[in-house]
Amino acid sequence: MEYLPNIIFAVALIAGIGFFTRNVKKLTRNIKLGKDVDVSDNKSQRWKNMARIALGQTKMVVRPVAGIMHVIVYVGFIIINIEVLEIILDGLLGTHRLFSPLGSVYDFLIGSFEVLALLVIVAVIVFWIRRNIIRIQRFIKPEMKGWPKTDGNMILYIEFVLMILFLTMNAADFQLQQLGAEHYHEAGAFPISQFMVPLLDNLSESSLILVERTAWWLHILGILAFLNYLYYSKHLHILLAFPNTYYGKLKPQGQFNNLESVTKEVKLMMDPDADPYAAPAEEDAAEPEKFGASDVMDLNWVQLLNAYTCTECGRCTSECPANQTGKKLSPRKIMMDTRDRLEEVGKIMDANNGEFVSDGKQLLNDYITPEELWACTTCNACVQACPVSIDPLSIIVEMRRYLVMEQSAAPTELNNMMSNIENNGAPWPYNQMDRLNWVNE
Ligand code: SF4
Ligand code: SF4
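As the structure is a computational prediction, the values presented were derived from the model and not from experiment.

About the criteria used
Residues numbered from 1 in each chain as written. Chains lettered and ligands numbered in written order. Predicted model: local features only at pLDDT ≥ 70, side-chain atom pairs only at ≥ 80, totals over all residues. Heavy atoms only, no water. Helix = DSSP H or I, 4+ residues; strand = E, 2+ residues; numbered from the N terminus. Buried < 20%, exposed > 50% of the residue type's maximum accessible area, 1.4 Å probe, protein only. Lys, Arg positive; Asp, Glu negative; His and termini not counted. Salt bridge = Lys/Arg side-chain N within 4 Å of Asp/Glu carboxyl O. Polar contact = N/O pair within 3.5 Å; in protein donor to acceptor, adjacent residues only side chain to side chain. Contact = heavy atoms within 4.5 Å. Near = heavy atom within 4 Å. Nonpolar A, V, L, I, M, F, W, Y, C, P; charged D, E, K, R; others polar. Axes fitted to C-alpha atoms, helices over the stretch in contact; angles between N-to-C directions. Parallel < 35°, antiparallel > 145°, perpendicular 65-115°, else oblique. Left-handed = near helix turned anticlockwise from the far one by under 90°. Domains from an automatic or database assignment. Buried area = accessible area lost by both parts, 1.4 Å probe.

(A) Geometry of the side chain of Glu86. As for its placement among the helices and strands, Glu86 is situated in helix α4 (residues 82-93). This buried residue, Glu86, is left without a salt bridge; Arg97 holds the nearest opposite charge, at 4.6 Å. Of the polar contacts made by the side chain of Glu86, one reaches the backbone nitrogen of Leu98; its length is 3.3 Å. Each residue touching Glu86, except ones within four places of it in the same chain, is listed here: Arg97, Leu98, Phe99, Ser100 and Tyr106.

(B) How the structure looks around the site of ligand 2. Near ligand 2 there are 13 residues, and of these Cys310, Cys313, Gly314, Cys316 and Cys386 occur at the shortest range. At the level of secondary structure, the elements contributing two or more residues to the shell around ligand 2 comprise α12 (315-319) and α14 (331-351). Grouping the constituent residues of the shell around ligand 2 by class yields eight nonpolar, two polar and three charged.

(C) Just the packing of helix α6 (residues 147-179) against helix α7 (residues 205-229), in detail. α7 packs onto α6 with a crossing angle of 150 degrees between their chain directions and a minimal axis gap of 8 Å. One element, α6, and the other, α7, form an angle in the roughly antiparallel class. Remark: the crossing between α6 and α7 carries left-handed chirality.

(D) Local environment of the domain arrangement of the protein chain. Per the domain assignment, the segments of the protein chain are domain 1 (4-31 + 63-246) and domain 2 (260-274 + 284-408). At the interface, 26 residues of domain 1 touch 29 residues of domain 2. On the domain 1 side of the interface with domain 2, the three residues burying the most area are Ile31, Glu143 and Asn244, jointly 27% of the side's total. On the surface where domain 1 and domain 2 come into contact, there are four salt bridges. Glu143 is the salt-bridge partner of Arg332, the closest N and O atoms lying 3.0 Å from each other. Of all the elements, helix α8 (residues 237-246) adds the most residues to the side of domain 1 that touches domain 2, at six residues.

(E) Summary view of helix α11 (residues 301-309). Extensive coverage of α11 is indicated by the burial of nine of its nine residues. Along α11, the positions that sit buried rather than exposed are Trp301, Val302, Gln303, Leu304, Leu305, Asn306, Ala307, Tyr308 and Thr309. Looking at the buried positions of α11, the neighbouring elements they touch are α1 (4-31), α8, α14 and α18 (392-406). Between the side-chain oxygen at the start of α11 and the backbone nitrogen of Val302 there is a gap of 3.0 Å, and the oxygen is on Asn300.

This is the structure:
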């Protein structure tokens with residue numbers, strides 16, 4: 001019986017980490033459904049980008065209020081979780097404040113964690129007010145109704161509760177230390193939680209131990225639960241922001257990728273020595289791949305990683321000229337739809353022993369409409385605004401390619417322009433011979 005708490009703790013830990021590992025496997029499998037893409041170039045630049053954007057949060061602080069608050073929550077949450085290491089070891093070994101022999105270093109660490117915990121609480125409250133009271137425009141767009149709104153708030157509630165539990169645990173511990181309770185030797189500095197002690201003043205030693213143990217258990221179980229919540233939440237970005245910024249686009253923003261098959265075709269057409277009647281080379285004889293993308297499997301894996309990394313912050317949508325002028329397009333929705341469809345595909349695979357069985361649906365039309373796709377001006381403002389290097393435009397372009405090249409479904413204006421280029425060498429409907437007519441006007 002003496003070891004019962006340790007055993008319960010070990011079981012909870014194994015279950016929490018086991019479930020999380022299962023979800024990571026699912027996540028990896030889903031991302032790998034995307035086409036291969038070579039991102040092995042320029043490693044040093046990629047590491048720098050990751051350090052600057054994900055670790056340094058440089059793009060977050062472009063909007064100072066939200067940015068600085070986010071940095072506090074991010075730093076606070078990550079650093080406070082260093083204490084989780086001590087909690088885990090205490091839980092497994094049955095010790096209490098295992099690292100306390102570090103003396104003044106330990107005092108400094110616990111003191112800093114407490115200050116950060118307070119700052120996180122303040123930041124979380126500000127975030128909640130911005131979302132629910134001030135109702136900042138980008139948080140109340142149509143795509144943010146339902147689960148995305150609940151998810152955004154849920155994360156704030158969980159972080160708030162975890163920080164309160166942490167401070168409560170410390171306050172009760174501090175009081176027990178003052179009372180000289182068994183096992184609660186003097187350790188740590190409590191610059192914030194000491195002010196909570198008056199709330200516990202009238203409690204007996206056994207009640208204080210109950211408060212301290214309850215907060216301790218809820219704190220660690222809450223962290224394990226939160227870890228597993230990530231897969232279902234936009235909060236997954238706390239993990240994926242790092243690989244996503246590493247694999248982010250390095251080319252200049254206006255530079256599009258060329259379709260390899262089309263490039264080959266054009267080169268052949270331009271080659272004066274090519275024999276137009278020659279049989280195609282063996283590797284080119286296979287049925288050509290689909291042009292562009294109509295479903296998530298037609299996108300590349302970096303685009304799918306982008307979808308899972310999206311924080312749903314809406315910075316892209318608030319900068320998008322199409323959205324600002326009342327068009328249906330929202331680059332954030334493009335990313336959310338891609339993730340939702342990918343999740344749907346993943347669930348179908350789970351139900352069919354890892355095989356995808358068509359459900360008659362696809363990303364195009366069932367999630368993203370041509371109206372949204374054609375509203376894009378390809379200005380790249382969304383790419384520039386994204387704090388975690390997501391490229392919604394690349395998905396839009398791939399889906400447009402599918403519409404044009406597979407379905408001949410470009411809007412009339414575009415079709416007219418393309419036939420003008422073909423016939424007149426310019427986008428306008430005038431004969432090349434008439435180009436200099438303006439001289440005589
Ligand atoms: S590239 Fe398209 S989606 Fe992105 S901001 Fe510009 S118009 Fe909006
Ligand atoms: S794509 Fe980037 S900017 Fe847009 S909502 Fe997602 S994380 Fe925010």
